[in-house]
Every structure is written in C-alpha cells, then in structure tokens.
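Here are the chains, one letter per residue:
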Amino acid sequence: MSQRISIVGLGATGTMAARRLLDAEPDLALTVYDIDPERCEDFRGSATLATSANEALAESDTIVLALPCEREIDRTLERFSDGEVTAAIAGKLILDLAPPPGERARRLQLAIASAGGRYSSVPALRAEDGNSAGTHLLRILLCPA
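Definitions and limits used
- Residues numbered from 1 in each chain as written.
- Predicted model: local features only at pLDDT ≥ 70, side-chain atom pairs only at ≥ 80, totals over all residues.
- Heavy atoms only, no water.
- Pairing = 2+ DSSP bridges.
- Helix = DSSP H or I, 4+ residues; strand = E, 2+ residues; numbered from the N terminus.
- Contact = heavy atoms within 4.5 Å.
- Axes fitted to C-alpha atoms, helices over the stretch in contact; angles between N-to-C directions.
- Buried < 20%, exposed > 50% of the residue type's maximum accessible area, 1.4 Å probe, protein only.
- pLDDT = per-residue confidence, 0-100.
- Salt bridge = Lys/Arg side-chain N within 4 Å of Asp/Glu carboxyl O.

Undergrad: Summarise the sheet that holds strand β6 (residues 118–121); cite the residues concerned and give the values.
TA: Pairing is parallel in the open sheet, where six strands are placed in the order β3-β2-β1-β4-β5-β6. The strands lining the two open edges of the sheet, one partner per strand, are β3 (48–49) and β6. Judged from the four bridges that link them, strand β5 (residues 93–96) and β6 form a sheet pairing that is parallel. If you follow Ile94 over to β6, its bridge partner there is Tyr119. Sitting on the sheet, helix α3 (residues 70–77) touches β1 (4–8), β4 (62–65) and β5, and the angle it makes with β4 is about 155°.

In structure tokens, the structure reads:
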C-alpha cells in the first residue's frame with residue numbers, strides 16, 4: 001500500500017483501525033489526529049502525530065473518519081450551516097467508519113463531492129467490487145490480521 005492515510009478520531013474505533021493498518025502495512029505513511037492529543041501518543045514513532053484536523057487532511061490521500069457524531073465530522077471537514085465543505089479535500093477519499101444515518105449521509109456525500117472529494121462509508125464499501133482499493137482498505141480495517 002503506497003498511499004498516505006490519516007485517521008481522525010482515536011477513540012476505540014479509530015485506535016483499532018490505526019493498529020490494524022500498521023500491523024498489515026508496517027511501512028504505511030500513517031497520520032493520526034484526535035482532539036485529545038494524549039490519544040495520539042501511543043502512535044508516536046510509528047505514525048505522524050498531527051496537531052490539527054487540517055494537518056491530518058493535508059497529509060494524506062485517504063482520510064479515515066472515526067468520529068462519534070456528525071457534529072465532529074462537520075468540524076473536521078469545515079462544513080458549516082450552508083452545508084458546504086470548505087476544508088481542502090479535493091482529490092481525497094473520505095472513508096467514514098461511523099457514518100450518519102440515511103439522508104444525512106447522502107447530504108454529506110454530496111457536500112464532499114462538491115468540494116472535489118470522494119466519500120464512502122463502511123456499508124457502501126461492503127457493496128463495492130472486491131478488487132477496489134477501498135475494499136482492500138476496508139478488509140484491513142475491519143478484519144483481524
């Protein structure tokens with residue numbers, strides 16, 4: 001895997017995802033960020049510790065969101081009351097491990113597409129072609145080594 005990946009949100013889900021990625025791909029260029037910097041410390045030496053969500057977004061081609069609620073997603077992607085994503089995500093894949101339900105996820109997908117990014121969530125990736133890069137990433141994230 002030659003791409004650069006950032007994980008935003010290092011609660012239980014994000015930490016597990018980071019560990020699985022590093023176990024599967026030890027030479028991976030991984031960046032991690034959490035609003036609580038202490039959560040990143042376990043990855044010092046094996047990942048870049050971003051000091052902001054913007055830095056994590058800038059560092060990588062694929063952004064894994066492991067955030068507890070839609071409000072945190074909005075803050076990370078700089079999506080405000082008009083619904084537009086203003087963070088620099090053009091050309092990036094945003095992979096959401098805990099997507100908002102139904103219509104809200106669809107609106108998020110549209111906002112990310114309008115900003116030039118691609119959005120996928122765990123349920124959507126499960127339905128994709130098994131040979132895609134997103135599906136390979138999903139297997140690493142969700143299946144123990």
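Undergrad: So what's going on with the pairing of β1? Which residues, and what values?
TA: The element β1 is largely enclosed, with a buried count of four among its five residues. Where β1 lies against β4, four bridges are found, and the strand directions are parallel. For Ile5, the partnering residue across the bridge sits in β4 and is Thr62.

Undergrad: Before we move on, can you summarise the environment of Leu97 with the specific residues and values?
TA: As for its position among the elements, Leu97 is in the loop between β5 and α4 (102–114). Given the relative accessible area of 15%, Leu97 is considered buried. Along the sequence, Leu97 and Ser120 sit 23 residues apart, while their C-alpha atoms lie 8.9 Å from each other.

Undergrad: Report on the confidence of the model for the protein chain, specifying residues and quantitative values.
TA: Confidence in the prediction of the protein chain, expressed as mean pLDDT, is 86, and 82% of residues score 70 or more. For the protein chain, per-element mean pLDDT is lowest for helix α5 (residues 122–126), which scores 54, and highest for β3, which scores 97. The low-confidence segment residues 125–131 (pLDDT under 50) makes 12 contacts with residues lying over four places distant or belonging to another chain.

Undergrad: Break down the pattern of salt bridges for me, citing the residues and quoting the values.
TA: Counted according to the given criterion, the structure contains 11 salt bridges. Residues Arg75 and Glu72 are paired through a salt bridge, measuring 3.2 Å at the closest nitrogen-oxygen approach. With Arg75 and Glu72 both in helix α3 and three residues apart, the pair spans about one turn of that helix. You can call Arg75 exposed: its relative accessible area is 51%. Here Glu103 and Arg107 are joined by a salt bridge, their closest N and O atoms 3.9 Å apart. Within this pair, Glu103 and its partner Arg107 are both found in helix α4, separated by four residues, close to a single helical turn. Among the charged side chains, a salt-bridge network with shared partners connects Glu70, Asp74, Arg79 and Arg104.

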